[in-house]
Amino acid sequence: MIATILNRLIQMAFVMFGISVLVFLIFFATPGSDPAARIAGRNAAPETVAQIRHDFGFDRPLPVQYALLMKRLFITRDLTSFVNRGQQVIPQVIDAVPATLSLVTGAAILWVLGGIGVGLAAAAMRDTWVDRSLMILALIGISMPVFWLGEVMNLLSQSRFHDTWLFSWVPGLGYVPLTEDPAGWAKALVIPWLTLAVLYIGIYARILRANVIEAYSEDFIRTARAKGLSERRVLIRHAFRTSLLPFVTMFGLDFGALVGGAALLTEVVFGINGVGRLTFQALQNLDLPVILATVMYASFFVVAANAIVDLLYAAIDPRMRT
């Protein structure tokens, strides 16, 4: 097990290195892209551009530029923004991480519990009106865009019915730090949690239902029934457990991507200054250091999530341990 973990860590290091090189080449070495000209601004004198190119090291060979950039990003941690002069990049990302983690973690708990509950209920009562009704609701949830559902929820909770007992407790848009006001933190995020979770509840419920129904045709299910086990125990202890592999795989990928900034639309709609919104603003301004930092941050979570999923396979399914 230790050898497997070390192997995965080595693979993660190589993947992160490859991503960093690729991002650097795209934004700093693409023909026609001149970061120095971007920093100098429009109509800058050639002397000014040349001076900036020298100060930032853009006149050096590409391997040296890459090494200096990675040093400033990971070692000295003094990489500064090209747009907001003097503003360091790392503090911006660190300040945005708690909001994104709070949003995605709460939504993930809701969609995992909801997906498992709806999926198991539909599989246990397959081909009945309950099964069909749950799958229709899941399909509706999948079909609703996050930004549209978020705007509808804002319209109901912030405008139309804000003064009623139903939504009078909802605070204004934005993020409240957990350490400052735990109750305010939960109130500010409960509607964003539900909005983000609706889509994934539908997806995970349909995937889990299909996998459980497929597992019912396996030999070990017939053996369990022949032993006299109840249908509930067959469903939970056998069919559900072996159906978790695709579920866990999807969760690892989705959670890693959302923590890395894929929850952008939810953050924008609800005014949450998370990593996704920070990346979006950096892309609008072409702030290359911020883009590089957020891409590396997102890549780490996606790669780490994949590694954790691989290690969880053996814990979930004994057949994977060999």
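Treat the numbers as computed from the prediction; the structure is a model and nothing was measured.

Q: Outline the nonpolar core, supporting the account with residue identities and numerical values.
A: The tendency in soluble globular proteins is for nonpolar side chains to be buried as a group. Residues Leu73, Trp111 and Val212 are the most contacted members of the largest nonpolar core, which totals 76 residues. In terms of residue count, the dominant contributor to this core is helix H5 (residues 89-124) (14 residues). Inspection of this core shows a minimum of three residues originating in each of domain 1 (2-76) and domain 2 (93-320). Setting aside anything within four residues of it in sequence, one finds Val212 in contact with Leu120, Ala123, Leu235, Ala239, Phe240 and Ser243.

Q: Before we move on, can you summarise the domain arrangement of the protein with the specific residues and values?
A: Domain boundaries assigned for the protein yield domain 1 (2-76) and domain 2 (93-320). Each of domain 1 and domain 2 has a C-alpha centre, and the two are 34 Å apart. Between domain 1 and domain 2, the contact holds 17 residues from the first and 16 residues from the second. Buried surface at the junction of domain 1 and domain 2, summed over both partners, amounts to about 1,500 Å²; 86% is from carbon and sulfur atoms. Taken together, the links from domain 1 to domain 2 amount to zero salt bridges. Where domain 1 touches domain 2, the interface holds zero residue pairs in polar contact (both at pLDDT 80 or more). Classifying every residue of the side of domain 1 that touches domain 2 gives 13 nonpolar, two polar and two charged.

Q: Provide a residue-level description of the side chain of Asp287, including the pertinent values.
A: Along the polypeptide, Asp287 turns up in the loop between helix H13 (275-285) and helix H14 (288-316). For Asp287, a relative accessible area of 5% puts it in the buried group. What Asp287 contacts, discounting residues up to four positions off in sequence, is Ser81, Phe82, Val83 and Ala282.

Conventions used here
Residues numbered from 1 in each chain as written. Predicted model: local features only at pLDDT ≥ 70, side-chain atom pairs only at ≥ 80, totals over all residues. Heavy atoms only, no water. Core = buried A, V, L, I, M, F, W, Y, C linked by side-chain atoms within 4.5 Å. Buried < 20%, exposed > 50% of the residue type's maximum accessible area, 1.4 Å probe, protein only. Helix = DSSP H or I, 4+ residues; strand = E, 2+ residues; numbered from the N terminus. Domains from an automatic or database assignment. Contact = heavy atoms within 4.5 Å. Buried area = accessible area lost by both parts, 1.4 Å probe. Salt bridge = Lys/Arg side-chain N within 4 Å of Asp/Glu carboxyl O. Polar contact = N/O pair within 3.5 Å; in protein donor to acceptor, adjacent residues only side chain to side chain. Nonpolar A, V, L, I, M, F, W, Y, C, P; charged D, E, K, R; others polar.

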